[in-house]
Amino acid sequence: MTENIAAGSPASDTSLPDDGYVGDPAVRAEWDNRYADRQQLWSGRPNGALVAEVAGLTPGRVLDVGCGEGADAVWLARGGWDVTALEVSGVALERAAGHARDAGVVVRWVHAALTEAALPPASFDLVSAQYPALLRTPGAAAERALLAAVAPGGVLLLVHHAGMDTQQAHDSGFDPADYVWPSMVAALLTDDWKVEVNEQRPRVAPDGGAGAHHTDDLVLRARRLR
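Residues numbered from 1 in each chain as written. Predicted model: local features only at pLDDT ≥ 70, side-chain atom pairs only at ≥ 80, totals over all residues. Heavy atoms only, no water.

(A) The arrangement of the pattern of salt bridges in detail. In this structure the tally under the stated criterion is 11 salt bridges. The shortest N-O distance in the salt bridge between Glu53 and Arg221 comes to 3.2 Å. Of this pair, Glu53 sits in helix 2 (residues 48-54) while Arg221 sits in strand 7 (residues 216-224), and the two are 168 residues apart along the sequence. Put simply, Arg201 and Glu199 hold a salt bridge, and the shortest N to O gap is 3.0 Å. Classification of Arg201 by relative accessible area gives buried; the value is 18%. Residue classification places Glu199 among the partly exposed residues on the basis of a relative accessible area of 38%. Connected via shared salt-bridge partners are Glu53, Glu196, Glu199, Arg201, Arg221 and Arg223. (Salt bridge = Lys/Arg side-chain N within 4 Å of Asp/Glu carboxyl O. Helix = DSSP H or I, 4+ residues; strand = E, 2+ residues; numbered from the N terminus. Buried < 20%, exposed > 50% of the residue type's maximum accessible area, 1.4 Å probe, protein only.)

(B) Structural view of the environment of Ala96. Assignment of secondary structure puts Ala96 in helix 4 (residues 90-103). For Ala96, a relative accessible area of 0% corresponds to the buried category. Separated by 11 residues in sequence, Ala96 and Ala85 place their C-alpha atoms 9.4 Å apart. Apart from the residues within four sequence positions on either side, Ala96 is in contact with Gly68, Glu69, Gly70 and Trp109. (Contact = heavy atoms within 4.5 Å.)

(C) Here's a closer look at the sheet that holds strand 5 (residues 150-161). What the seven strands build is an open sheet, ordered 3-2-1-4-5-7-6; its pairing is mixed. Edge positions in the sheet fall to strand 3 (107-111) and strand 6 (193-202), since each has one partner strand and no second. For this sheet, the mean angle separating the axes of adjacent strands, direction not counted, is 15 degrees. As judged from the nine bridges shared by strand 6 and strand 7, these two strands associate in the antiparallel manner. Of the residues in strand 7, the one forming a bridge with Pro202 is Asp216. With respect to the sheet, helix 3 (residues 71-78) is in contact with strand 1 (61-65), strand 2 (82-87), strand 3 and strand 4 (124-130), its orientation differing from that of strand 2 by roughly 175 degrees. (Pairing = 2+ DSSP bridges. Axes fitted to C-alpha atoms, helices over the stretch in contact; angles between N-to-C directions.)

What follows is the structure, given as structure tokens:
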């Protein structure tokens, strides 16, 4: 449905930990099945909006929410970032860990839902969520988890496919009302945050992979002031 899926709960570095998944097993099974249907689901290259927005940032600690097969995580690690990457699909994480080993980089892989994660609060210089499938809750748990992870002075970068939030529910079961969109996160920002980018722009899309047909991005970049 989207470029990635949310995840959580600290684990290890280049090799996967024993399975300690925390989250809805049905969500895990759904995404495991999607990944298992193909040898490679995504393009294998970092997302264009991430590359563009990170260009001026000093590498530090980054949380990659919904890391999928690990292209963004590996790219960030190669760029000097200390990467923690979260994902609900164990199939995707196995592939991601293999790509990191091949690249010779260290990534901390986590296997759980973002809202269930025991992440250190306010500790990441960058929280990147590229096309995440974050489920809505009455208390906006996913939105608040994204914001809570950002350190003072750090940046939240949330990118999604433009137009998906206004689609009608599909016969396939996809209903945009079930998911978190950038406007919902922006609505929670207080005076503790400065919005640096909040726009729709043409998508710089890697060739191939699911989701390649989307042409425009919604990009929200906000800096936590305190």
